[in-house]
Structure formats: structure tokens, C-alpha cells
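# Fold and contact review
Spelled out from the first residue to the last, the chains are:
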Amino acid sequence: MATIELRQVEKKFGQLHAVKPMDLTIHSGEFVVLLGPSGCGKTTTLRMISGLEAVTGGHIYLDGRDVTWLHPSERDIAFVFQFFALYPHMTVLDNIRFPLQAQRVPRAEAEKRVSEIVKMLQIEHLLHLRPGSLSGGDRQRVALARALVRRPAAFLMDEPLGALDADLRESMRAEIKRLHITNNATTVYVTHDQLEAMALGDRIVVMSAAEIQQVGSPSEVYYKPANLFVARFIGSPGMNLINGRYADGIVYLPGDNRYAVPESWRAPLAQSLKDGEVIIGFRPESARITENGALSARVYSSDMHGAFNMIHLALGDETNIVNVRVDRWVTYALDTPVRFDIDPEGVRFFDPRSEKALRRGGAQ
Amino acid sequence: MTATTALQAEKVAQRRQVRRISDKTIQTAFILPTMMLLILWNIFPLFYSLYLSFTEYSVITGTPPRWVGFENYRNILSDPLIWKYFALTGRFALLSVGLQTIIGFVMAMIVRAKFRGSGFITTLILIPMMLSPVVVGKFWAMIYNPTFGPLNYLLGMPPPRGPDWLANPQFALWAVVLVDVWMWSPFVMLLCLSGLKAIPEYLYEAAAIDRASAWFQFWRITLPQVAPLLMIAILFRTIEAFKQFDVVMGLTGGGPGDATELVAVKLYRIAFLGRFDTGIASAFAYIVLIIIVAISNLYIRYLNRLRGEA
């Protein structure tokens, strides 16, 4: 299995950057998810790694070998397409053994490898059908089989579950995760679905506006977003973000609220903020409604999510809405005044001008 | 909802009353003239010529058709000369359709790549197809002409050295084939091109990822994907080759001797020259028809198999 390295890789269309120069190392056996909204450059990045798209700058290394200008067929990578890209005029069997035949793998060896893969993905009964008569899930299994049968150095997947129904997506996600664990293959996976990214990735690369916003483990990007974009984009709903003003260990928030900043954050805030303007951030599950909470708000609305309820609180006027996750039996009438606390471990601070998260230890 | 539909129904009924004729009548009124013409010009002659094929009859003698049963068929099928013409036509079809398929396909592969002026070049290539076959025949006869035709000049054999292509029994069929290929390769190209353009790009991307060479991609993706349209082109051209008449008449008139006497030319000769053997000509026409239908059926069966697979 291979290590993939991107060094200052960029893609320009005319003057427009589809991908701004980026550095990224994907370690051998790692499952890395490129996550971002549509048009953020994640698919372009994946296609540049595959060689389907030429770079306009930088270098790509596969196991230390410079493959920047090699044809896709010379890179030893497999690509799973969003819309499967199966050969419509061939049977499932011919589709799966196509890469082996293209490489002139001896027949006996090819048969053996095909039957292994087919058994692993449980598609033996489909071998003599054509892709046109398969369901979406089965097509994706065939596409995965075609990618796996080659035993490539790395797998690239471009929203492989994007064309499937929601419930099928869940089960295929589990299948892909299991395939990755059993094969331990270096995988780069593109998606715009943050739940998918969280569920699958060893590391998540959050992209937006043609550049990397943050690289980190799922819990890092969730609990320690590097900037406002990541804070908003990850989680549904995203992080609660409220503008305030910091002075002497207190953040003054709308609705005459005063938030006492935890001790460990005071020094970084005092150092980093020039005029005291700050954005305070916390996840809905990091807030707790209690009778003697430090912050006061009133219930704006609430909705049920099955396993829990989400209460929307207005802090001051209705332009500052805070989402708080509560147990599923907790309900409030509209406009009930409530008080809540923020878990000191779950609170984050952002500089409104740079939009970056403040770090404990001084540096941004 | 119900009220509006009721209202609409009433309106329709009112209109009908004004018109006093049903939709069915109108349908019939529109279709009838076409049906009449079709019966008059197509269906009736088809069956009348079938009847005539079993008679001894000539349109110019004025004597009524005399029933002779299968004698016309027996005579034609036992005539070695007729078989020779069929063989000649088969050879012509094989050569011209074969060359058209290869040349048309190659041209389509070239024009498929988008380059500066490819649209204009495609249009230029299509021009021969738009000309009248007789005009094409007459012009090529001039090009082939050994005394003033440009072909021999271009081949570096100015008169009197160059051969007379159309008067030489060895070359005449090839000369006709060449003109047919010149005229109809664009047709094959056009169909192939539409087939090629319909192949989704992602199949080639997938093949590149699967490490298929260009040659492997051509055999396993391009050709199978274009095959149905290529088969349609071949079917059309084969039928046309068996009916080939006007280009031959423009070029050689079937000569020299009977070197380019294709069945359609022979048929014309039986029916409209000499004794005007209408009965024999009808029988002959039916034999040609049956052969064309049989060949077409083979193609269509193959085509359906291709389609079923796709």
C-alpha cells in the first residue's frame, strides 16, 4: 500500500483557481476523506491524484515516485466513480475482469482473483447480468469489485455513495469501512456529506473555496474546528457562534449576558484579541439548560429529532439563536425564559476578523 | 374539479354539434387520401407485378398476360448468365460496402477529435452524398476519361499511356466501386460519428484507470459501443449496393461487355430494352427482392442481438 504526497499541487482554469496550491500527505493504509461543499475543489484534487486531470503546478508522489505527469494507467491507482462508470455492453463478470485482461493477467490467476472478490462482495449471482439491470447498490458493488480486483496501491473514491438511496447509503458505508479495514488499502474518499466523512475517515480534509481549511481526525474537526467555516460546516446543525466582546475574563454577549471565560482561555484571549471583539462557539450538546445557569435566554422554538430534542434559544433579540440539545422528553412552551451553562471543555473562541480559532497557548 | 371537467366536456360536445362529425371521421378523412395513394402506387403494383411474374407478357405488344406458372422463375434461376450477374453484384456489394465501412469509420475516428475547423471539414466530407448519383456517374466518367480525364494525369500517366479505366473489363468494376465508395463513405462516417459521440467520456476514464491500452480500449469499448450504428450503416449500404443502378448507368452502362452488369442494370435491360419482357422482369425483380429481404433479415437479427446485449 502506498503513501500519497501532494506538494504545492494546484489547478487553475484560466486565472481561476479550482484548487489553490496545497500540501497533503496521505499515509499508507490511511482512509482520508476530502470533505467540502460542491465546487470546493475536492473532486478536482482527487482527479489530479488519479491523473484524470492534469495539474497546473506542483508535484504528486506515490510512494516517493513522482507521478505528476504519468498517465492514470501508469499510477497503479483505482478510481470509483460517483455514477459507477461500468461498461454497459459487458456482463458484470467482464466488467470485473476488464482491468485484469487489460494487464494480461494469466487466465487462471484472473479467475482466482475475480472469484475471491466476487465472494467478498457477495455478488456471485450477478455475474452474467449487465449493469443496466442491476440496482444502484449492486452497481456500486460491481464498481468496487472492479477496483479491488486489481489490488492497486491506492483507492480513490469520488462520492461513491452519492447516487444511492439514503438507507442503502448507510449499509454501503459500513461495507466500504469493512473493506478498508480488511484490505487496509490507502483510500482517498471524496464526499460532501459530513456524516459520511465522520463515519469513514481516519482523517478528514475539510476544503472550501479551493483550499484546505483543516486537516484532522473526525473528533478534531468536530470539537476543535480551525476556523469559522469548519465550525459551521461540520455538524448538523453546526456550531453555535455568537458575537461578543471580551474584557477582563468576561465575554459580554447579547441580551445583557456575561460569560465567565474558563481560566485556561483568559491568557490567549487577552493576547490575541486587539479590540476585544470575539466569537464564542460551542456545540449544541455542550450547552446544558439548568435553573441556575449563567446565561439567560428565551425559547424561540423547538423540534424533535427522535433520539433527542433540539431547543432553539434566542439570546437577546432573535438574531442570536443558540441550538441546545436536550433529552427527548424535555419540552418548553414558546417564549419560556430559561438559563443555560456552557461546558468549559466544549467552548471555543474565534477571531472575527481572521475567522480563525484561538488556541490555548497563545498562537492562533 | 368535477365542475370544470363537466364544463369542458360540454364545450367539446358543443363544438362537435357545430361540426357534426366525429373525431373518428376526421381521422379517416385525413388518412384516406394517403392510403389511396399508397395502395395505388405501392400496394397494387407490388401485387400486380407478382401476378405478372407468373405470366408471359410484354407491355409493348398489346397481347394480354398469359399464365405460365413458375416458368419465368425456372428460366431465370437456370440461366448461368443471371447467376454470374448475381455473383458480380455480390462482389460489388462486398467490395464497396467493405471499403465504405473501413473508410467511413476511420474518417469518423479522425473527425471525432475536436480540432480547429473539424465542423467545416465534416460538412465538406458530406458533400458527395448530397449529389445526384447520375451527375456523380457522369462527372467520374470524365475524370476516368483516358484522353482528357485528370485521373491519369494525377497518376503520372498522361495520354496516351494511361489505361481507359471504364473500357477495361479488368478495372471497370473497381472503377464503379471507387465511385460508390467516394460517394457513400461519408454516410457511414456520419452514422459512426453519431455513435462515437454518444460514447460517454467516463467509460474511457474508467478504462484509463483500469490500465487499458489505447488499442484495448478501441476493441473493448469503442467498437462494441459503435457496433449497432455501424451495423445500420452496413445494412443500408448493402441494400443500396444490390439496387445500384444510376451510378453504373452514368459511368459504364453495364459495360464493357457485361463487366459491370449488376442485377439492377440487367433488370432494367430486360424490362425496358429490346423485347420489354415484363413478365420475366417481374419474376427477376421478385428474386432480387427476396434476396435483399433475406440479407436484411440476417443483419437485423444480428443487430437485435447487439442491442439486446447493450
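Residues numbered from 1 in each chain as written. Chains lettered and ligands numbered in written order. Predicted model: local features only at pLDDT ≥ 70, side-chain atom pairs only at ≥ 80, totals over all residues.

For helix α12 (residues 263-272) of chain B, the full list of buried residues reads Val263(B), Ala264(B), Val265(B), Lys266(B), Leu267(B) and Ile270(B). Gly274(B) occupies a position one or two residues after α12(B) and carries a positive phi of about 60°. (Buried ≥ 20, exposed ≤ 12 C-beta atoms within 10 Å, placed from the backbone. Helix = DSSP H or I, 4+ residues; strand = E, 2+ residues; numbered from the N terminus.)

Let's shift gears to the interface of chain A and chain B. Facing the 16 residues of chain A at the interface are 17 residues of chain B. Every element with two or more residues in the side of chain A that touches chain B is listed here: β6 (77-80) and α2 (92-102) of chain A. A per-element tally of the side of chain A that touches chain B places α2(A) first, with 3 residues. Residues that form the side of chain A that touches chain B fall into these classes: 11 nonpolar, 5 polar and no charged. (Contact = placed C-beta atoms within 7 Å. Nonpolar A, V, L, I, M, F, W, Y, C, P; charged D, E, K, R; others polar.)

Residues and elements named next belong to chain A. Put simply, α2 and helix α4 (residues 136-148) touch, their axes get as near as 7 Å, and they point 30° apart. Taken together, the axes of α2 and α4 lie roughly parallel to each other. The handedness of the crossing between α2 and α4 comes out as right-handed. Contacts from Val92, Asn95, Ile96, Phe98 and Pro99 of α2 reach α4 at Val142, Ala145 and Arg146. Here the contact of α2 with α4 is composed, by residue class, of 6 nonpolar, 1 polar and 1 charged. (Axes fitted to C-alpha atoms, helices over the stretch in contact; angles between N-to-C directions. Parallel < 35°, antiparallel > 145°, perpendicular 65-115°, else oblique. Left-handed = near helix turned anticlockwise from the far one by under 90°.)

The next subject is helix α9 (residues 201-209) of chain B. Turning to α9(B), its buried residues number three or more, namely Ala206(B), Ala207(B), Ala208(B) and Ile209(B). On its buried face, α9(B) sits against α1 (42-50) and β6 of chain A together with α10 (214-242) of chain B. The positive-phi residue at the C-terminal boundary of α9(B) is Arg211(B), with phi of around 65°.

All right, on to the environment of Arg74(B) then. With respect to the helices and strands, the residue Arg74(B) is situated in helix α3 (residues 71-77). Remark: the alpha-carbon pair of Arg74(B) and Ile300(B), spanning 226 residues in sequence, is separated by 30 Å.

Formed by 100 residues in total, the largest nonpolar core has its most connected members in Val33(A), Val80(A), Ala145(A), Leu156(A), Val188(A) and Val205(A). The element that contributes the greatest number of residues to this core is α4(A), accounting for 6 residues. Inspection of this core shows a minimum of three residues originating in each of domain 1 (4-226) and domain 2 (237-350) of chain A. Listed in part, the 50 residues of the second largest apolar core include Val136(B), Val176(B), Val188(B) and Leu267(B). (Core = buried A, V, L, I, M, F, W, Y, C linked by C-beta atoms within 7 Å. Domains from an automatic or database assignment.)

Residues and elements named next belong to chain A. Across the junction of serine 236 and proline 237, the peptide omega takes the value -5°, indicating a cis bond. Inspection of the secondary structure puts proline 237 in the loop between α8 (228-233) and β11 (240-247). For phenylalanine 84, which is not glycine, the phi torsion reads 70° and is therefore positive. Mapped onto the secondary structure, phenylalanine 84 falls in the loop between β6 and α2. The backbone of alanine 85 shows a phi angle near 50°, a positive value even though the residue is not glycine. Position of alanine 85 relative to the elements: it lies in the loop between β6 and α2.

All names here are of chain A. As summarised here, the arrangement of the 5 strands in space is β15-β19-β16-β17-β18, forming an open sheet in which the pairing is antiparallel. A single partner strand is all that each edge strand has here, and the edge strands are β15 (287-289) and β18 (321-327). Strand-to-strand, the axes of this sheet are offset by a mean angle of 50°, without reference to chain direction. Alignment of strand β16 (residues 295-304) against strand β17 (residues 308-314), held across 6 bridges, turns out to be antiparallel. Directly across from serine 302, in β17, lies its bridge partner isoleucine 311. (Pairing = 2+ DSSP bridges.)

Residue and element names in this part refer to chain B. Relative orientation of the contacting elements helix α6 (residues 133-144) and helix α8 (residues 172-197) amounts to 125°, with a least axis distance of 11 Å. Regarding the angle of α6 to α8, the classification is oblique. Once α6 is placed against α8, the crossing between them reads as right-handed. In contact with Val136, Gly137, Trp140 and Tyr144 of α6, α8 contributes Ala175, Val179 and Met183. Residue classes in the contact of α6 with α8 are distributed as 6 nonpolar, 1 polar and no charged.

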